[in-house]
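# Architecture and fold: a report
As a plain string of letters, each chain reads:
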Amino acid sequence: MRSRSNSVIRLDHYYNMVYETILHYQDPVTGLLPAYQVTGSEHHAWVRDNVYSVSAVWALALAYRRVHDKEDEKNKLFQLEQAAVKCMRGILMAMMGQRDKVEKFKRSFSSFDSLHAKYSSRNGQTVVGDKEWGHLQIDAVSLYLLFIAQMTASGLQIVFTLDEVAFVQNLVFYIECAYVTPDYGIWERGDKSNQSIVELNASSIGMAKAALEAMNKLDLFGGRGGPPSEIHVLPDEAVKCAAVLESMLPRESNSKETDAAILSIIGFPAFAVPQADLVAKTLSTIQEKLGGRFGMKRFLRDGYKTAIEDPTRLHYEPWELRLFENIECEWPLFFCYLVINYCFQGEEDLAKDVMVMLDTLTVEMEGFWMVPELYKVPEDKVGVEYANPGKADREVGGRCPFMWAQSLYIIAKLLHEEFIAPGELDPMNRRLSSLKKPDVVVQVVVLAEDSRIQNLLKEQDLIIPTCAEIAPIQVQPSRMLSHLYTFLGRSSKLGLSGRRSLDVGILATSKIYRIQDKSFVFTPQSFDRSMNYTDTDPSLAMSTLAYGLNYLATSWTDLGRPTMTLILSCSMLEDDGTIPVPMVNTLKKLKSGYINGTRVSLGTYEEFHTTSSYSELAFLGNIEAGCPDRLDPVVAKYLETQLGGGVITGGILGTATVTEEKKSANHCVGTVKRTRSIIMSESKSKEVAAKLIEKHETRKRDLSVSRSPGSSPGSTKHTIGESFRRRLGSDISGRQEEAGDLVKLLQTTRDMEEQGDILHYMAEQFGLMFKVNISKDGEDYRTVENLVQELYDASCEAKNWAMVRHTSGLLGKKLPSLALSLTDLIVRQKQVTVGLPGKEIVITRPVGAQELRLKIVKAHEGDVSTSSLSQEILLYLAMFIRTEPYLFTGMLRLRVGLIIQVMNSELGRTLSISPEEAEDKLLNLSPYETKNLLHHIMSGQEYGIREFGSRCSIYALSTSISRNHQHTQRLLVYSLARLSQIVGLLTSVAGSSPRLQFTSPRLQVYSLVYLSKITGLLTSLSLPDYRQLIVEAILVLILIVDHNVVSYLGGIINVENIVNQANEIFLEDQRNINGDSFCCAQKAGKCGGSGGICCLFYDSAPSGTYGTISYLVRSACRVLETIPNDGEIDCNVM
């Protein structure tokens, strides 16, 4: 018998363990691993469990690579590698069997169209229905892709054919929108109540981010592949995932304060968080909240397999969650993660300490140490654990061995005993993402549209080339690149259509692309007027440019430097033909080499030739036909159409000479303004609704008369049919004649307001797809949509922002990053409502861009101008919450419709104009000034407005105290009243309101669900200033308990009584001191204040002897019977 080293003997021990616990159960046909311990699911193979289980097989194979000098070791190495490949391919085949779901999911993002979370281990088929399980688990698919990348990088080949490459590419599309896709999460049941409510989960987003980064530019054929077998990932999608993830941590989701599953993304296997401080903070939170002697809790109030859980049902009642507090099961699984992560970090002492704890939790079975699923509190010790958390001894529960934990235990042992190195288990070096990288220099190429712009810039000492001077490089808009990317992943054999999303971010457009023998550069999507009108405003465009350059510098990870291309066009010029001052200033900053702290280099493509980043779009080749070196015929035709110029048609609006008396279109006049609803009151809305109902009922009565009992069914049918055909024929001819007359009016007027009225009428009456003849002599048909698009372009050039917003709404445009902006707000625990009061739609979870646009349109019921403005407000709110989060302190629900109404009223107040005039001003504000106004309102800063003709400029007022004390006092009083209204509109839950949790023992402290309930109740109060007093009254009740004035507030408390009583006390004081409210006091508060409250009471500051809080405290002492009549009350707010 040959002598063998101790290390090989130890490896053989682990080999036997892997064989007995994993490989022994691997299906010989599919290669899948069944959950043989789960009763009723003995042949179910979970994707996540399979990947983690086979990762231990792969890790052991890596260890055998070090000692494969003997024949026996070579055999084991080969068997282990092939077993890992077989399992990974088994998952691939099972998923490919559901390729139709991948295709559907790219459109619907529905949980019913998602890939299944588990398959039959015998044949790879489905084992439960689409609606019988929480299948939408982004983290499972992402984990699979991540390990495909890692295993491929280690030398294994998982993917064999180009058809499989196409499918894997579509799996990338499946997960790339994880940042806006709520799923059931790693525990498969959604929110912690187990009621199958999907949530946005940090663990899912983190795993998707890791997978996207790992798959980018990965050749699935390894060293034997080429461009056709390469996976492409648009880098902006991974960065969006990163931004959302970082804003969520250490929280897991809305219902879970944190989750031990996050350990898998801050360390092995994802390494998705590069910020060391955020990793440390998250780990500390998890250990503090979830740590225990027997492992870690999954999340707080987790009832799974606890002694008091009802095993006959899957879901929990909301009140029931409190019963699980302190008795949650503890999972040794998470100690395995800790050991692995400490080994990766080189923290050998910490790894050893946790390994010792972990070893004591294992159970000996058949000569091997097995890791159980969990440790639970025995039923007879539940009371002990309630009284003294963490003191009761626990017993083994669930499966043993738990294969997920057992696999990680084996990996932890191999790392800890140095059979493998961290670099071998992470060949893609994801663990190094936290290392500091050198500063990125952003290259900027500015081009002039024509020689006129070029000459104007020369006057400013700025020398730039024109678009024609950079040949053979071709400059195209980003929409062309987005269309080219739709060919990525297409497979007619598999029925896969390729990438569906048309969004391409600034990271994608900052490369030089090669298509066959041609070079292309693309302008950023945010500067594409056809997709984003906001950046046709030069001031906002330059502000966005500075942000984009910083984004590029901090997010760039590709080889080479990013190269941003900008085109200055004539449409950007001022009315007098000069270049806008913000644009000149920005170009000079670019020339200096720094802009807002970002290093930039302004130059030409020739100068940047050797330092730029290049990308080959090889997927545009005719791969399926076996000719990858030739363009796909469809691609070739598209490029020929785009580059060859195609058919260019001129505009028709206002092009005809008036040779005859202009026809009237009185029925169109004011059509645009009649659709607006910003200043429509709730009573007016109900009046309009009543008229619509009355009109509907009249039509029903008319129809019932035509079908009266006196007429026979046959004759009725004949009469209706004949009349319908006659009416239809006359309607068609009449519609064409009316449309022709309207086209003539469009050709004879140059007034954009008139053109907008006519086109809105045509869109409403005929539809956007209705074709009209624009030729006087022959036939030249255009759709109404073409005409609206022409007006949109003309409005953008003329900076007629009201018409821009209206036509954008008519065309159904959505602003770039709309879905991401909503997500930025949602993940920071905010709710968003769209629409005006009475028609608001509450959004509590991320939704796709198109779905969000449709919700906004539905909420505004035909007011397309305000719909467009609502999209803008969402973008600006997201921008503010990323850069100035303190502006949102205390806010839970952001009511976009009410924010627009506040902006309208603020304009009216500042300019002393009517609400109707203010509405016109608001909709005609430039995007930059709209953002400026919103920021002033959000920050509470005083501002002024300068008018330049039809345009406005908003500027901040000095905060210095005026010498005119009386004027200052009046201004302060007015400001307080206005601030009370604004705060009431914008802030549904203020200040210390999260501490309201103590009033409801059934709901968890800091529960967002509970805060949502409070917000819903407060929102039902329609008067914003009155609502703010209600919030202050609730704050007083909190202070009463905090200061131990009483131990019990009593039964049901009518908070409105406290507010009304406070107002009465205020009026009493005014009568006694003959104060400013004496007249109001004499009339018993009949001064017209909201809710019967004196206007000057609203005007009072919260603090001080005569402040609202003071009166609310006095009122509470009168109203609450539990407060003693005698003695002193210490209240610091006085």
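Computed from a predicted model, the values in this text were never measured in an experiment.

### Things to note about the packing of helix H5 (residues 138–153) against helix H6 (residues 162–175)
Interaxial distance between H5 and H6 falls to 10 Å at its minimum, and their mutual angle equals 140 degrees. Relative to H6, the element H5 lies oblique. The handedness of the crossing between H5 and H6 comes out as left-handed. Counting all contacts with H5, which are made through Ile-138, Val-141, Ser-142, Tyr-144 and Leu-145, the residues of H6 involved are Val-168, Leu-171, Val-172, Tyr-174 and Ile-175. For the contact of H5 with H6, the class distribution of residues is nine nonpolar, one polar and no charged.

### Digging into helix H28 (residues 849–860)
In a regular helix each residue adds 1.5 Å, so twelve residues correspond to 16 Å; H28 covers 17 Å between its end C-alpha atoms and thus fits that length. Turning to H28, its buried residues number three or more, namely Ala-849, Leu-852, Arg-853, Ile-856, Ala-859 and His-860. Along the axis of H28, the buried residues cluster in a sector spanning 125 degrees; they form a single face. Buried residues in H28 make contact with helix H27 (818–826), strand E21 (831–834), strand E22 (841–843) and helix H29 (864–883).

### As for a negative patch on the surface
A cluster of acidic side chains, namely Glu-347, Glu-348, Asp-349, Asp-353 and Glu-418, defines a negative patch on the protein surface. Topologically, Glu-348 is positioned in helix H12 (residues 348–361). For Glu-348, a relative accessible area of 59% gives the class exposed.

### Considerations on the sheet that holds strand E10 (residues 474–476)
In spatial order, the strands read E10-E12-E11-E16; together these four strands make up an open sheet with mixed pairing. If you trace the sheet from one side to the other, it starts and ends with E10 and strand E16 (614–616), each paired once. In this sheet, adjacent strand axes meet at a mean angle of 35 degrees when their direction is disregarded. Pairing of strand E11 (residues 512–515) with strand E12 (residues 518–522), which is carried by three bridges, proceeds in the antiparallel orientation. Residue pairing in the sheet places Ile-515 in a bridge with Lys-518 of E12.

### Thoughts on the sheet that holds E22
The pairing of strands in a sheet happens through backbone hydrogen bonds and is either parallel or antiparallel. The strand order across the open sheet formed by three strands is E22-E21-E23, and the pairing between neighbours is mixed. Either end of the sheet is taken by a strand with one partner, and the two such strands are E22 and strand E23 (893–895). Across this sheet, the average inter-strand angle for adjacent strands is 25 degrees, counted without regard to direction. Here E21 runs beside E23; their pairing, made up of three bridges, is parallel. Each bridged residue has a counterpart across the sheet, and for Val-832 the counterpart in E23 is Leu-894.

### Some thoughts on empty space enclosed by the protein
Taken as a whole, this structure holds nine cavities of 30 Å³ or more when the rule is applied. Looking at the largest cavity, its volume works out to about 140 Å³. In terms of lining residues, the largest cavity is bounded by 16 residues, among which Leu-33, Pro-34, Ala-35, Ser-53 and Met-403 are the most central. Class assignment for the residues of the lining of the largest cavity results in nine nonpolar, five polar and two charged.

### Structural notes on the state of the cysteines
What the rule picks out here adds up to zero disulfides. With no disulfide partner, Cys-241 has as its closest neighbouring cysteine sulfur the one in Cys-177, 8.1 Å distant.

### Notes on the packing of aromatic side chains
A ring pair, where both rings are aromatic, is described by two values, the distance of the centres and the angle of the planes. Counted under the stated rule, the structure contains 28 aromatic pairs. Considering the side-chain rings of Tyr-513 and Phe-522, the 5.6 Å spacing of their centres and the 70 degrees angle between planes classify their relative orientation as edge-to-face. Through pairs of rings, three or more aromatic residues link up here, namely Tyr-52, Trp-187, Tyr-304, Trp-331, Phe-334, Tyr-337, Phe-402 and Trp-404. One cation-aromatic arrangement involves Arg-189 over Trp-133; the distance from NZ or CZ to the ring centre is 5.8 Å. For the cation-ring pair, Lys-813 lies above Tyr-792, with the distance from its terminal atom to the ring centre recorded as 4.9 Å.

### Considerations on the nonpolar core
Taken as a class, soluble globular proteins show a tendency for nonpolar side chains to be buried jointly. Judged by nonpolar contacts, the single largest core of 153 residues is most densely connected at Met-95, Met-215, Leu-408 and Leu-425. For this core, the element with the most residues is helix H2 (residues 47–64), which contributes 13 residues. Residues within four places of Met-215 in sequence aside, it is in contact with Leu-145, Ala-149, Val-168, Val-172, Leu-220, Ile-231 and Val-233. Core analysis: the next-biggest nonpolar cluster, separate from the first, contains 76 residues, Ile-758, Ile-843, Val-864 and Leu-887 among them.

### Notes on H29
For H29, which comprises 20 residues, the first-to-last C-alpha distance of 29 Å matches the rise-based estimate of 28 Å (1.5 Å per residue) to within 8%. For H29, the buried fraction is high: 17 of the 20 residues fall into the buried class.

### Quick look at the pairing of strand E18 (residues 627–631)
Sheet topology note: the strand E17 (residues 621–622)/E18 ladder contains two bridges and is antiparallel. What sits directly across from Asn-622, in E18, is Cys-627. Where E17 folds back onto E18 in an antiparallel hairpin, the turn is made up of four residues, including Gly-626, whose phi is positive at roughly 80 degrees.

What counts and how
Residues numbered from 1 in each chain as written. Predicted model: local features only at pLDDT ≥ 70, side-chain atom pairs only at ≥ 80, totals over all residues. Heavy atoms only, no water. Axes fitted to C-alpha atoms, helices over the stretch in contact; angles between N-to-C directions. Helix = DSSP H or I, 4+ residues; strand = E, 2+ residues; numbered from the N terminus. Parallel < 35°, antiparallel > 145°, perpendicular 65-115°, else oblique. Left-handed = near helix turned anticlockwise from the far one by under 90°. Contact = heavy atoms within 4.5 Å. Nonpolar A, V, L, I, M, F, W, Y, C, P; charged D, E, K, R; others polar. Expected span 1.5 Å × (residues − 1). Buried < 20%, exposed > 50% of the residue type's maximum accessible area, 1.4 Å probe, protein only. Arc of directions from axis to C-beta. Patch = residues over 30% accessible without salt bridge, like charges linked within 9 Å, V, L, I, M, F, W, Y side chains within 5 Å. Areas by Shrake-Rupley, 256 points an atom, 1.4 Å probe, with all protein chains shown as cover. Salt bridge = Lys/Arg side-chain N within 4 Å of Asp/Glu carboxyl O. Lys, Arg positive; Asp, Glu negative; His and termini not counted. Charge placed at Lys NZ, Arg CZ, Asp CG, Glu CD. Pairing = 2+ DSSP bridges. 1 Å grid on protein atoms, 1.4 Å probe; cavity = no way out; pocket = protein on both sides within 12 Å on 5 of 7 lines; lining within 4 Å. Points joined across faces, edges and corners; volume = space filled by probe spheres on them. Disulfide = S-S within 2.5 Å. Phe/Tyr/Trp six-rings, centres within 6.5 Å; stacked < 30°, edge-to-face > 60°. Lys NZ or Arg CZ within 6 Å of the ring centre and 35° of its normal. Core = buried A, V, L, I, M, F, W, Y, C linked by side-chain atoms within 4.5 Å.

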